[in-house]
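Here are the chains, one letter per residue:
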Amino acid sequence: TETITVGELAKRMGVKANDLIRSLIKMGMMVTINHPLDVDTATLLASDFGYEIENVAIDLDEIFEAVPDAPEFLQKRPPVVTIMGHVDHGKTSLLDAIRETNVIAGEAGGITQHIGAYDVELKGRKITFLDTPGHEAFTAMRARGAKVTDIVILVVAADDGVMPQTREAVNHSKAAGVPIIVAVNKIDKPEAKPERVKQELMELGLVSEEWGGDTIFVEVSAKKHINISELLEMVLLQADVMDLKANADKAARGTIVEAKLDRGRGPVATVLVQDGTLKVGDFFVAGVHSGRVRAMQNDRGDKLVSAGPSMPVEVIGFTGVPDAGDVFICLPDEKKAKEIASHRQQKLRETELAKHSKLSLEQLYEKI
Ligand code: GDP
Ligand code: MG
């Protein structure tokens, strides 16, 4: 695995390695230029060099990406699942069925609200579902470089078979390197032909296990709640194979799944925590906005004080409404968060400005 050394970090931040080493010594770390640094130390160092904040703002993501956690800090985390498939094949029904199955298992009659994601529990293990409208959200987030999904459940109606958006979903998932579990839906219908679905998907390279391939197929009925737990078990099985892990014991990092301006509460956003633990009171940056977590809740409306890896939480405390797909990063203090956000805002204004001046130039030439 890759590590970031003092030397590499210095280079990325555009400062002298010796200055970094001096700072580290002040922090009580006697290190050399080749010493590997963890995320917290790297972040702390970066913020120490306030005058380099411009570089930090740009490279923050890279810094986080580049510093792997020591294996002993990694713990199993729940899988994050997106449901995709052709229109009317039952994506919404399946999301509802999964949620309802779980609500019945948990507190009865719990009022759920749409926050763009929810988590369910099966045999003491959690699974997170993103329910932002399928393909667009997935592609939009992916286009912005956000990798939020571990597993795709591909819904194919057994009475309709593979359709254009089914192919599209397969292509997106493959491009993203995300494994697919096939839910052959509507098997309650007399005209259902699950074998035909298998045949058609084989032509797209998704070969079922019984036919010698490695794609999991589960025949379900979202409407009649048939095989929903079996489907979830397969998700957990796939997650085990993938060995999904994260370090819960550090500042949180995640992705904005959904955001809006709420009349009463101001800007609200659903954050999928992907690493670390998010706590009430934490300072953060998300895209061009910063803030402090004033309150958090899940889709059941439970107030939370902290949220670990793979947990989706609705967060209040943003200075503005972030975009879906924005990276969400917690920082040690408010000043840094504000600095990074305002730096990004300035950059954004510059590119917008550049776009406009380019446009007017083109218009000018058109007139000539
Ligand atoms: P989406 O467009 O993929 O979100 O599909 P929906 O969940 O809105 O479902 C489209 C239609 O198919 C609705 O009328 C559902 O009631 C129906 N439907 C979904 N799942 C099933 C199922 O398992 N069996 C039957 N018979 N109908 C289903
Ligand atoms: Mg739908």
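Residues numbered from 1 in each chain as written. Chains lettered and ligands numbered in written order. Predicted model: local features only at pLDDT ≥ 70, side-chain atom pairs only at ≥ 80, totals over all residues. Heavy atoms only, no water.

- By the naming in an unreviewed UniProt entry, the protein chain is Translation initiation factor IF-2, taken from Geotalea uraniireducens.

**Here's the deal with the packing of aromatic side chains**
What characterises a pair of aromatic rings is the spacing of the ring centres plus the angle enclosed by the ring planes.
So, point 1. Enumeration over the complete set of coordinates arrives at 4 aromatic pairs.
So, point 2. Ring geometry for Phe 284 against Phe 318: centres 4.6 Å apart, planes inclined by 55°, an arrangement best described as tilted. Here Phe 284, found in strand E14 (residues 283-286), pairs with Phe 318, found in strand E18 (residues 312-318); they are 34 residues apart in sequence, far enough to count as distant. In this structure, Phe 284 and Phe 318 share a single accessibility class: buried.
So, point 3. Ring pairs connect the aromatic residues Phe 284, Phe 318 and Phe 328, which therefore count as one cluster. (Phe/Tyr/Trp six-rings, centres within 6.5 Å; stacked < 30°, edge-to-face > 60°. Helix = DSSP H or I, 4+ residues; strand = E, 2+ residues; numbered from the N terminus. Buried < 20%, exposed > 50% of the residue type's maximum accessible area, 1.4 Å probe, protein only.)

**Let's talk about helix H7 (residues 164-176)**
So, point 1. Taking 1.5 Å of rise per residue, 13 residues should cover 18 Å, and H7 covers 18 Å from first to last C-alpha, within 8% of that figure.
So, point 2. Of all the residues in H7, the buried ones are Thr 166, Ala 169, Val 170, His 172, Ser 173 and Ala 176. Taken around the axis of H7, the buried residues stretch over an arc of 165°, which confines them to a single face. In H7, those exposed residues whose orientation departs by more than 90 degrees from the buried face are Pro 164, Asn 171 and Ala 175. (Expected span 1.5 Å × (residues − 1). Arc of directions from axis to C-beta.)

**Here we look at unusual backbone geometry**
Where the residue is not glycine, phi is negative for most of them; where a peptide bond is considered, it is trans in most cases.
So, point 1. The backbone phi angle of Asn 227 is positive, close to 65°, even though this residue is not glycine.
So, point 2. Positionally, Asn 227 belongs in the loop between strand E9 (216-219) and helix H9 (228-242).
So, point 3. Residue Asn 227 is classed as partly exposed on the basis of its relative accessible area of 28%.

**Here's the deal with the site of ligand 1**
So, point 1. Ligand 1 sits among 15 residues. The nearest are Asp 88, Lys 91, Thr 92, Ser 93 and Asp 188.
So, point 2. The separation between an oxygen atom of ligand 1 and a polar side-chain atom of Lys 186 is 3.0 Å.
So, point 3. When ligand 1 is considered free in solution it has 570 Å² of accessible area, and contact with the protein chains removes 75% of it.
So, point 4. Tallying contributions element by element places helix H5 (residues 91-105) first for the shell around ligand 1, with 3 residues.
So, point 5. For the shell around ligand 1, a count of residues per class yields 2 nonpolar, 7 polar and 6 charged. (Near = heavy atom within 4 Å. Polar contact = N/O pair within 3.5 Å; in protein donor to acceptor, adjacent residues only side chain to side chain. Areas by Shrake-Rupley, 256 points an atom, 1.4 Å probe, with all protein chains shown as cover. Nonpolar A, V, L, I, M, F, W, Y, C, P; charged D, E, K, R; others polar.)

**Considerations on the pairing of strand E7 (residues 151-157)**
For a regular strand, side-chain orientation follows a simple rule: the groups alternate between the two sheet faces.
So, point 1. Counted residue by residue, E7 has 7 buried out of 7 residues, so it is predominantly covered.
So, point 2. Residues Ile 151, Ile 153, Val 155 and Ala 157 of E7 are buried on one face, and the alternating residues Val 152, Leu 154 and Val 156, pointing to the opposite face, are buried as well.
So, point 3. Here strand E4 (residues 80-85) pairs with E7 via 5 bridges, running parallel. Looking across to E7, one finds that Gly 85 is bridged to Val 155.
So, point 4. Across 6 bridges, E7 lies against strand E8 (residues 180-185) in parallel orientation. Looking at the pairing, Ile 153 lines up with Ile 181 of E8. (Pairing = 2+ DSSP bridges.)

**Regarding the environment of Asp 240**
So, point 1. Within the element layout of this structure, Asp 240 appears in helix H9.
So, point 2. Discounting residues that sit within four places of it in the chain, Asp 240 has contacts with Lys 76 and Arg 125.
So, point 3. A distance of 3.0 Å separates the side chain of Asp 240 from the side chain of Lys 76, its partner in a polar contact. (Contact = heavy atoms within 4.5 Å.)

**A look at the side chain of Glu 314**
So, point 1. Its location among the elements puts Glu 314 in strand E18.
So, point 2. The residues touching Glu 314, leaving out its near neighbours within four places in the chain, are Ile 115, Lys 260, Arg 265, Val 268, Ala 269, Thr 270, Ala 295, Met 296 and Gln 297.

**A closer look at the confidence of the model for the protein chain**
So, point 1. With 83% of its residues at a pLDDT of 70 or more, the protein chain shows a mean pLDDT of 85.
So, point 2. Note that pLDDT drops below 50 for residues 51-59; the model gives that stretch 18 contacts with residues more than four away or on any other chain.
So, point 3. Both scores are available for the predicted complex, with the pTM at 0.80 and the ipTM at 0.99. (pLDDT = per-residue confidence, 0-100.)

**Remarks on the sheet that holds E8**
So, point 1. In spatial order, the strands read E5-E6-E4-E7-E8-E9; together these 6 strands make up an open sheet with mixed pairing. Edge positions in the open sheet fall to strand E5 (117-122) and E9, since each of these has one partner strand only. Strand-to-strand twist of the sheet, defined as the mean angle between neighbouring strand axes without regard to direction, takes the value 30°.
So, point 2. Here 4 bridges tie E8 to E9, and the two strands are oriented parallel to one another. Within the sheet, the bridge partner assigned to Val 182 lies in E9 and is Phe 217.
So, point 3. Packing of helix H8 (residues 194-202) onto the sheet brings it into contact with E7, E8 and E9, and relative to E9 it is tilted by some 155°. (Axes fitted to C-alpha atoms, helices over the stretch in contact; angles between N-to-C directions.)

**A word on the pattern of salt bridges**
So, point 1. Using the criterion set out here, one finds 22 salt bridges in the structure.
So, point 2. Close ionic contact of Arg 125 with Asp 240 constitutes a salt bridge, the shortest N to O distance being 2.8 Å. Here Arg 125, found in strand E6 (residues 125-130), pairs with Asp 240, found in helix H9; they are 115 residues apart in sequence, far enough to count as distant.
So, point 3. Judged by relative accessible area, which is 28%, Arg 125 ranks as partly exposed. (Salt bridge = Lys/Arg side-chain N within 4 Å of Asp/Glu carboxyl O.)

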